Amino acid sequence: MDRWHTTPARYLRKWLVRPGQSVHTSFLCGVAYRVGDFATGLVIAWLIARY
C-alpha cells in the first residue's frame, strides 16, 4: 500500500523539475484547450444550424 502513495509524489516531483513546466503553464494550456474545444463546438453548431 505504501508504494501507491510514493509513486504519484515521485511523478509530480519529476514533472515539476522538467524545464518549462509549472502549474501556471499547465493551467493555461488546459484553459486554452478547453476554450478551443468550446469554440470548435460552437462553429460546428453554427454550421449545422445554417445549412
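Everything here concerns the structure above.
Residues numbered from 1 in each chain as written. Predicted model: local features only at pLDDT ≥ 70, side-chain atom pairs only at ≥ 80, totals over all residues. Heavy atoms only, no water.

### Overview of the overall build of the protein chain
Thought 1: Each helix and strand counted, the protein chain has 2 helices and 0 strands in total.
Thought 2: For the protein chain, buried positions account for 2% of its 51 residues.
Thought 3: If you sum the accessible surface of the protein chain, you get close to 5,000 Å²; carbon and sulfur atoms cover 69% of it. (Helix = DSSP H or I, 4+ residues; strand = E, 2+ residues; numbered from the N terminus. Buried < 20%, exposed > 50% of the residue type's maximum accessible area, 1.4 Å probe, protein only. Areas by Shrake-Rupley, 256 points an atom, 1.4 Å probe, with all protein chains shown as cover.)

### A closer look at a nonpolar patch on the surface
Thought 1: On the surface, Phe27, Leu28, Val31 and Val35 cluster together into a nonpolar patch covering about 380 Å² of accessible area.
Thought 2: For valine 35, the position within the fold is in helix 2 (residues 23–50).
Thought 3: Classification of valine 35 as exposed rests on a relative accessible area of 53%. (Patch = residues over 30% accessible without salt bridge, like charges linked within 9 Å, V, L, I, M, F, W, Y side chains within 5 Å. Salt bridge = Lys/Arg side-chain N within 4 Å of Asp/Glu carboxyl O.)

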